Amino acid sequence: AAVIKRIPNAQIEIGPGDDFRTAMQDLHAGDTLVMHGGTYALSAYFALSLAGTAQQPITIRAATGEQPLLHFVDASQNILDIRDSAFLILDGIEFSGGSRGIRLMASSDINAWNWRPSAPAVCRHTSGGPVPADSWYTSAESPSGVRTRL
């Protein structure tokens, strides 16, 4: 049988027509997922459980000069649940649709840079209210361990 070897610190590029759910769920510490511009539509529950490290965070980011949009097509679910995750960076991604936006559960050291929530999308932590998208928090200051900056 063939042995498949995983490349550490991989950079994977995807477009709206690709299987972005699997691409996101298969990320490992040190990996970077680059999302090209366009709409990535979700119509069913989607949760990420990703474990980066302080030295090798997992990054999901927009391609330079492009604007990917992660859109949940109705109001039946959150756009994205991030659970049991650590050291994850979301950079330059717009979120829209869904019922509540992004929900964080049992996660820490989640960084959201240059993200654009479209109403009613907000970032929420299960132990409290919304995480302000216009504030800067360190892990120690934020009840959710989320750092956000627009």
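What this report covers is the structure whose coordinates are included nearby.

Cut-offs used in this document
Residues numbered from 1 in each chain as written. Predicted model: local features only at pLDDT ≥ 70, side-chain atom pairs only at ≥ 80, totals over all residues. Heavy atoms only, no water. Helix = DSSP H or I, 4+ residues; strand = E, 2+ residues; numbered from the N terminus. Buried < 20%, exposed > 50% of the residue type's maximum accessible area, 1.4 Å probe, protein only. Contact = heavy atoms within 4.5 Å. Polar contact = N/O pair within 3.5 Å; in protein donor to acceptor, adjacent residues only side chain to side chain. Phe/Tyr/Trp six-rings, centres within 6.5 Å; stacked < 30°, edge-to-face > 60°. Core = buried A, V, L, I, M, F, W, Y, C linked by side-chain atoms within 4.5 Å.

Within the secondary structure layout, Gly97 lies in strand 9 (residues 94–97). Exposure remark for Gly97: the relative accessible area of 14% places this residue in the buried category. Residues Gly97 and Phe72, spaced 25 residues apart in sequence, show a C-alpha to C-alpha distance of 4.8 Å.

The next thing to look at is the environment of Asn9. Following the sequence through the fold, Asn9 ends up in the segment before strand 1 (11–14). The spatial distance from the C-alpha of Asn9 to the C-alpha of Ala29 is 7.1 Å, given a sequence separation of 20 residues. Once residues lying within four places of it in the same chain are set aside, the contact partners of Asn9 are Ala29, Gly30, Asp31 and Gln56. A polar contact of 2.8 Å, which involves the side chain of Asn9, links it to the side chain of Gln56.

Turning to the side chain of Ser96, a few remarks are in order. By the element assignment, Ser96 lies in strand 9. Relative accessible area serves as the criterion here: at 9%, Ser96 is assigned to the buried category. Only 2.5 Å separates the side chain of Ser96 from the side chain of His71, close enough to count as a polar contact.

Turning our attention to the packing of aromatic side chains. Inspection of every chain in the model, using the stated rule, returns 2 aromatic pairs. When the ring of Phe20 is compared with that of Tyr40, the centres are 5.4 Å apart and the planes differ by 85 degrees; the resulting orientation is edge-to-face. One end of the pair, Phe20, is in helix 1 (residues 20–25); the other, Tyr40, is in strand 3 (residues 38–42), and 20 residues separate them in sequence. We classify Tyr40 as buried; its relative accessible area is 0%. Aromatic rings pair up to connect Phe20, Tyr40 and Phe46 into one cluster.

Before going further, it helps to examine the nonpolar core. Soluble globular proteins: nonpolar side chains tend toward being buried together. Of all hydrophobic cores here, the largest spans 28 residues; its most connected members are Ile60 and Phe95. Counting residues per element, this core draws most heavily on helix 1, which supplies 3 residues. For Ile60, the residues in contact, after removing those within four places along its chain, are Met24, Leu27, Leu33, Met35, Leu48, Leu50, Leu88, Ile89, Leu90, Asp91 and Ile93.

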